[in-house]
Every structure is written in C-alpha cells, then in structure tokens.
Amino acid sequence: MWCGLFFLPLLATSCFGQKVTVRLVDATSTKPLASHEVYVFGIAPKNFAQKDEQSEYRSRAKADLHLKTDSSGAVRFDLPNPVPDHFFIRPILSGPRWDCFCLVRVATEEVLTKGRLITTGGEANSHGSPGISPNPGEILFSLQPTPWWVQVLYPLLRDYRL
C-alpha cells in the first residue's frame, strides 16, 4: 500500500500536459532577449466539423497562444492533453535588428526528450554551440543580429521588391 501511495503522484503528474519553455538568446553575447512576443500554433483542439476551407485557414492563422518573453528571454506554456504530435513556434523579432522570420515546426517528442536548438540560419539540431544548448522540454532560438550595414540600409532593403 505504501508503494502505491509513493508511485501515485508520479503517475498522476505524467498524465497532465507537459510544460514547454521557449527561450530567445543573442548568439554572439549569449544574453537573453526580453520583451519579445512569441506565438504558438497547433496546440488548440481542432474542430473537424468545419468543412469550409476559408474558415479553416482563418482559424489556423490565429495563434493559439500569444506570449511575451520575460527578463530571462523565456516563455513557458503547458501542452494540452492529449499532446499534439507537433506544433509551431514563431517569435516576433524587429526587422532591422534581427533577420529571422522563424516560423518553426517542432516535433513534440523531440522537444520533450532532447530539446531543440534553432539558429538564425534555420539549422535545427539538439547539439548546442559552446555555452548555448537546450534542455529537455525547451526550444532555444540562438539568433545572430543582422550586420551593421543591413541595419543602416534597412529602410531601402525593406522597400526593395524582386
């Protein structure tokens, strides 16, 4: 009976949604990026009764969560139960300073077991660079700032269309 009471809390916590942390870090200085918005898509229960494609697209265009990074550059949220196979993360970064659209599809199992590192170049792996590596349950964006000349010429580059 005592063994059952000991293992019951462990079993109960595994049944609830898993906690995920998204962290934004400057790759050059390893400083956290505070006060940036982060959108999470694909964690809300889907309404399969909708047949109209336009209404389905509009529901996907809305973020399920809209969060803001704290002083440590992190946001935290719980995954729903049942846990989705994958979901999308998009940090909103200012154009002249950070060159990253960064809409990333992540596999839930990978994030929860190994963590996930996303670099500015779009490379994704679970092996961190020196001083920067994700923990299990963490999605780490290691972002390179744009070069100074891009920041200076940004108003011209923004309006340039191919």
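Residues numbered from 1 in each chain as written. Predicted model: local features only at pLDDT ≥ 70, side-chain atom pairs only at ≥ 80, totals over all residues. Heavy atoms only, no water.

A separate point is the overall build of the chain. When you go through the chain residue by residue, the secondary structure sums to four helices and nine strands. Ordered by position from the N terminus, the helices and strands of the chain form the series α-β-β-α-β-β-β-β-α-β-β-β-α. Across the 162 residues in the chain, those meeting the buried criterion constitute 28%. Residue pairs in contact within the chain that sit at least 24 positions apart in sequence constitute 61% of those at least 6 positions apart. When the accessible surface of the chain is totalled, it reaches about 10,900 Å², and 58% of it is carbon and sulfur. (Helix = DSSP H or I, 4+ residues; strand = E, 2+ residues; numbered from the N terminus. Buried < 20%, exposed > 50% of the residue type's maximum accessible area, 1.4 Å probe, protein only. Contact = heavy atoms within 4.5 Å. Areas by Shrake-Rupley, 256 points an atom, 1.4 Å probe, with all protein chains shown as cover.)

Time to look at the side chain of Thr108. One can find Thr108 in helix H3 (residues 108–113). In this structure Thr108 touches Leu79, Val83, Pro84, Asp85, His86 and Phe87, once residues within four positions along its chain are discounted.

Here Arg90 lies in strand E5 (residues 86–92). Of the residues examined, Arg90 reaches a relative accessible area of 25% and is grouped as partly exposed. A sequence separation of 51 residues divides Arg90 from Tyr39, and the C-alpha atoms of the two residues are 5.1 Å apart. With residues up to four places along the chain from it excluded, the contact list for Arg90 reads Glu37, Val38, Tyr39, Phe41, Phe101, Cys102 and Leu103.

A few words now on the side chain of Arg116. Mapped onto the fold, Arg116 is located in strand E7 (residues 116–119). Residue classification places Arg116 among the buried residues on the basis of a relative accessible area of 12%. Within the structure, the side chain of Arg116 is placed 3.3 Å from the backbone oxygen of Arg105, a separation counted as a polar contact. (Polar contact = N/O pair within 3.5 Å; in protein donor to acceptor, adjacent residues only side chain to side chain.)

What follows concerns unusual backbone geometry. Across the chain, the bulk of peptide bonds are trans and the bulk of non-glycine residues have phi less than zero. The omega angle of the peptide bond from Asn81 to Pro82 is 5°, so this bond is cis rather than trans. Looking at where Pro82 falls in the secondary structure, it is placed in the loop between strand E4 (74–78) and E5. In this model, Thr30 sits at a positive phi of 55°, which is unusual for a non-glycine residue. Here Thr30 lies in the loop between strand E1 (19–26) and strand E2 (37–41). If you check the backbone angles, Ser35 has positive phi at about 60° while not being a glycine. Tracing the sequence through the fold places Ser35 in the loop between E1 and E2.

Together, Trp148, Trp149, Val152, Leu153 and Leu156 give the surface a local cluster of nonpolar side chains, amounting to about 620 Å² of exposed area. Note that Leu156 resides in helix H4 (residues 148–159). (Patch = residues over 30% accessible without salt bridge, like charges linked within 9 Å, V, L, I, M, F, W, Y side chains within 5 Å. Salt bridge = Lys/Arg side-chain N within 4 Å of Asp/Glu carboxyl O.)

Turning next to the nonpolar core. By size, the foremost hydrophobic cluster in this structure holds 23 residues, and its most contacted members are Val22, Phe77, Phe87, Ile89, Ile139, Phe141 and Leu143. Of all the elements in the fold, those that place two or more residues in this core are E1, E2, E4, E5, strand E6 (104–107) and strand E9 (138–143). Excluding anything up to four places from it in sequence, Val22 contacts Val38, Gly73, Ala74, Val75, Phe77, Ile89, Ile139 and Phe141. (Core = buried A, V, L, I, M, F, W, Y, C linked by side-chain atoms within 4.5 Å.)

This part takes up the confidence of the model for the chain. On average, residues of the chain score 76 in pLDDT, and 65% of them reach the 70 mark or higher. Confidence over residues 7–15 falls short of pLDDT 50; this stretch has one contact with residues more than four positions distant or in other chains. Below pLDDT 50 for its whole length, residues 122–128 participates in 13 contacts with residues either more than four positions away or in separate chains. (pLDDT = per-residue confidence, 0-100.)

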